[in-house]
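One-letter residues, chain by chain:
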Amino acid sequence: MPKIKVPRSSPSLDMTPMVDLAFLLVTFFMLTTKFRPDEPVVVDMPSSVSETKLPNNIMTVTVDSAGRVFYDIDGQQVRKNLLQKMGVKYKISFTPEELERFAVMTTFGMPIAQLKGYIDESQDQRKTFNQQTKGVPTDSLHNELADWINFGRYAAADDYQAKKQAGKPVKDLRFAIKGDGQANYKIVKKVIDIFQDEKVNRFNLVTNLKKQ
Amino acid sequence: MAEVNTSDSGGGTGGKKGKHQKKRAKKSSTKIDMTPMVDLAFLLLTFFMLTTTFSKPQVMELTMPIKDKNVDSTKIKNSLALTVILSDHNKIYYYGGEFKDTTQLHTTDYSKDGIRKILLARNKFVLDSISIISKEHDNKQITDAQFEDYKAKAQGSRDALFVLVKPDSLAKYGNVVDMFDELSICNVQKYALVNLYPGEKEKIKNYKPN
């Protein structure tokens, strides 16, 4: 009986195209996305059927479930200008380096006396600080939120004028309130009242999209 | 293009045609050409690059009236005014027209059978108008811009429901957003976020629905 040799098959896959594709995807994502900035507080927003998207140039006041208030505003130049104005009012001087660091920060929430220290801290130190911070003060004796809103508007207006003169595209500053669904309505009402005292009457309430 | 060489079956199945072939152990080489797979990958990539946008959180518009003590209040027909009081534990109390005492209060909740039914019933005029306009829009009798225009007019008309949303001190922010959402679903455009009247506050505090 002749020996029947079982033919050995050696499959070989050329992996070059797959690797090419991987590099292409990595390059695409490297160039098109930005790192999501570390938020100091996670907010569980309520959902709504509204489909309007968040506008670009906004001032955001965040209220977390414990009722702490945080503040954020877009625009590096705007932020630097704002910090300088606040420094003048509260008699705190900020170094140019601190201005730069503040310009790339996002949301923050603490009394202005503690802000200088916060800016100088590292990411990890900031994280521990944020866990026990009480947020921006909103009580009538120390209504710092009102000052942030007021000077924020001035800073945004200056930036608007500067951009307009330089012929760049301009967008109006809008106001957003990002509240946790479980936050007491009382504190959100306080924020709305403070806004109204600063002559702001139109807001965007940030929500998740509801699945109908 | 894909070439898969398997070993020749030789005397087995090939015997049908009666091929006389020498039994040779052919070295088989499985080579799969990957070109179609890469083509497909690029196609999918291009498709997603062109059709998707990065997801941004959604927003809801809220406009408050100017905080001016001298503004005179607009007159609303009693039958078209609905006051909704938001309380703790997702409870809603509501009454129509003016507030006299707690016997007018009804209780409901945020489910589909709750406040939505009430709003749909009371806002019947606007909803009927809008359904007529939608039919015309579906039949292409009016343009999109006209449809939006008529819709806005219907929602702002004098016969549209006006809702006063009054969250009490125990309500959560999520309750208020849910309420606005229900108003938006029921096409109620005339609403205001206000405080409870001092008289209301006292009476509601001790109100226990039976």
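Residues numbered from 1 in each chain as written. Chains lettered and ligands numbered in written order. Predicted model: local features only at pLDDT ≥ 70, side-chain atom pairs only at ≥ 80, totals over all residues.

### Focus: the overall build of chain A
Applicable threshold: By the criteria applied, helices consist of DSSP H or I runs no shorter than four residues and strands consist of E runs no shorter than two, each listed in order from the N terminus. For the exposure call, what matters is how many other C-beta atoms sit within 10 Å of a residue's own: 20 or more marks it buried, 12 or fewer exposed, and in between partly exposed, using C-beta atoms placed from the backbone. Contact between two residues is assigned when their C-beta atoms, built from the backbone, lie within 7 Å.
Each helix and strand counted, chain A has 7 helices and 6 strands in total. Its helices and strands in sequence order give chain A the pattern α-β-β-β-β-α-α-α-α-α-β-α-β, from N to C terminus. Out of the 212 residues in chain A, the part that is buried amounts to 28%. Across chain A, contacts joining residues at least 24 apart in sequence account for 73% of those joining residues at least 6 apart.

### With respect to the overall build of chain B
The number of helices and strands found in chain B is 6 helices and 8 strands. If you list the helices and strands of chain B from N to C, you get β-β-α-β-β-β-β-α-α-α-β-α-β-α. Within chain B, the fraction of its 210 residues that count as buried is 21%. At a minimum sequence separation of 6, the contacts of chain B that also span at least 24 residues come to 63%.

### A closer look at the domain arrangement of chain B
Residue and element names in this part refer to chain B. The criterion, for reference: Delimitation of the domains relies on an automatic or database domain assignment. Polar here means any residue outside two lists: the nonpolar Ala, Val, Leu, Ile, Met, Phe, Trp, Tyr, Cys and Pro, and the charged Asp, Glu, Lys and Arg; Gly therefore counts as polar.
Domain annotation of chain B identifies domain 1 (76–121 + 161–210) and domain 2 (124–160). In this assembly, 7 residues from domain 1 lie in contact with 8 residues from domain 2. Broken down by class, the residue content of the side of domain 1 that touches domain 2 amounts to 4 nonpolar, 2 polar and 1 charged.

### Considering the nonpolar core
The condition is simple: Connectivity within a nonpolar core runs through C-beta atoms within 7 Å, and the core itself is a set of buried Ala, Val, Leu, Ile, Met, Phe, Trp, Tyr and Cys residues.
Residues Val191 of chain A together with Val84, Leu86 and Val176 of chain B are the most contacted members of the largest nonpolar core, which totals 63 residues. Here this core gathers at least three residues from each of two domains, domain 1 (76–121 + 161–210) and domain 2 (124–160) of chain B. The contact partners of Leu86 of chain B, leaving out residues within four places of it in the chain, are Ile92, Val165, Lys166, Pro167, Asp168, Ala171, Asn175, Val176 and Met179 of chain B.

### Notes on the environment of Val43 of chain A
All names here are of chain A. Along the chain, Val43 turns up in the loop between helix H1 (16–32) and strand S1 (47–48). Note: C-alpha distance between Val43 and Lys178 (135 residues apart in sequence) is 7.8 Å. Ignoring anything within four residues of it in the chain, the contact list for Val43 reads Thr62, Asp64, Lys178 and Asp180.

### With respect to the interface of chain A and chain B
One frequent convention defines the size of an interface as the accessible area lost when the parts assemble. Rules: For two strands to count as paired, DSSP must find a minimum of two bridges between them.
Taken together, the contact between chain A and chain B spans 41 residues of the former and 37 residues of the latter. Elements represented by at least two residues in the side of chain A that touches chain B include exactly H1, strand S2 (52–53), strand S5 (174–179), helix H7 (185–197) and strand S6 (202–209) of chain A. The greatest single-element share of the side of chain A that touches chain B, amounting to 8 residues, is contributed by S6 of chain A. Residues that form the side of chain A that touches chain B fall into these classes: 19 nonpolar, 15 polar and 7 charged. Bridge count for S2 of chain A against strand S3 (residues 58–63) of chain B is 2 bridges, and the pairing is antiparallel. The residue of S3 of chain B that forms the bridge with Lys53 of chain A is Gln58 of chain B.

### Remarks on the pairing of strand S4 (residues 69–73) of chain A
Residue and element names in this part refer to chain A. For S4, the tally of buried residues reaches 5 of 5 residues, placing the bulk of the element in the interior. Side-chain alternation along S4 places Val69, Tyr71 and Ile73 on one buried face and Phe70 and Asp72 on a second face that is also buried. Note that strand S3 (residues 58–63) and S4 share 5 bridges and pair antiparallel. Along S4, the bridge assignment pairs Thr60 with Asp72. From the end of S3 to the start of S4, which pair antiparallel, there are 5 residues, and Gly67 there has a positive phi angle of about 90°.

### Details of the confidence of the model for chain B
Residue and element names in this part refer to chain B. Condition: The predictor attaches a confidence to each residue, called pLDDT, with possible values from 0 through 100.
Counting all residues, the mean pLDDT for chain B is 76, and 79% of those residues have values of 70 or more. Overall, residues 8–19 carries pLDDT values under 50, and its contacts beyond four positions in sequence, including any with other chains, amount to 7 contacts. Among the prediction metrics, the complex's ipTM stands at 0.73, with pTM recorded as 0.73.

### Here we look at the packing of helix H3 (residues 96–104) of chain A against helix H4 (residues 112–120) of chain A
Residue and element names in this part refer to chain A. Filter applied, for reference: Inter-axis angles, ranging from 0 to 180 degrees, are taken between N-to-C directions of lines fitted to C-alpha atoms, where helices are fitted over the stretch in contact. Here roughly perpendicular refers to angles of 65 to 115 degrees, roughly parallel to angles under 35, roughly antiparallel to angles over 145, and oblique to all remaining angles.
Relative orientation of the contacting elements H3 and H4 amounts to 85°, with a least axis distance of 9 Å. Taken together, the axes of H3 and H4 are roughly perpendicular relative to one another. Touching Glu98, Arg101 and Phe102 of H3 are Lys116, Ile119 and Asp120, all from H4. Residue composition of the contact of H3 with H4, grouped by class: 2 nonpolar, no polar and 4 charged.

### Things to note about the sheet that holds strand S4 (residues 81–86) of chain B
All names here are of chain B. Strand order in the open sheet made by the 5 strands is S6-S5-S4-S7-S8, with mixed pairing throughout. Each having just a single partner strand, strand S6 (106–108) and strand S8 (190–193) make up the two edges of the open sheet. Strand after strand, the sheet turns through a mean of 25° between neighbouring axes, direction not considered.

### Let's talk about helix H3 (residues 124–138) of chain B
Owing to its 3.6 residues per turn, the α-helix aligns residues three or four sequence positions apart on the same side. Note the threshold: By this rule the span expected of a helix is its residue count minus one, scaled by 1.5 Å.
Relative to the 21 Å expected for 15 residues at 1.5 Å per residue, H3 of chain B spans 21 Å between its end C-alpha atoms, a close match to the ideal helical length. The positive-phi residue at the C-terminal boundary of H3 of chain B is Lys140 of chain B, with phi of around 65°.

### Observations regarding the packing of helix H2 (residues 76–90) of chain A against H3 of chain A
All names here are of chain A. Counted only if it meets this: Helix crossings fall into two classes, left-handed where the near helix is turned counterclockwise from the far one by less than a right angle and right-handed where it is turned clockwise.
Taken N-terminus to C-terminus, the directions of H2 and H3 make an angle of 130°; their axes are 8 Å apart at the nearest point. Classed by the angle they form, the pair H2 and H3 counts as oblique. Like other packed secondary-structure pairs, H2 and H3 cross with a definite hand, here right-handed. Across the interface between the two elements, Gln76, Arg79, Lys80 and Leu83 from H2 touch Leu99, Phe102, Ala103 and Val104 from H3. Tallied by class, residues from the contact of H2 with H3 come to 5 nonpolar, 1 polar and 2 charged.

### Let's talk about the environment of Ile115 of chain B
Residue and element names in this part refer to chain B. Residue placement: Ile115 occurs in helix H2 (residues 115–122). Residues Ile115 and Ala145 lie 30 residues apart in sequence; the distance between their C-alpha atoms is 31 Å. The contacts of Ile115, once residues within four sequence positions are left out, are Ile92, Thr108, Tyr110 and Glu182.

### Brief notes about the environment of Val88 of chain A
As for its position among the elements, Val88 of chain A is in helix H2. Taking C-alpha positions, Val88 of chain A is 12 Å from Ile112 of chain A, a pair spaced 24 residues apart along the chain.

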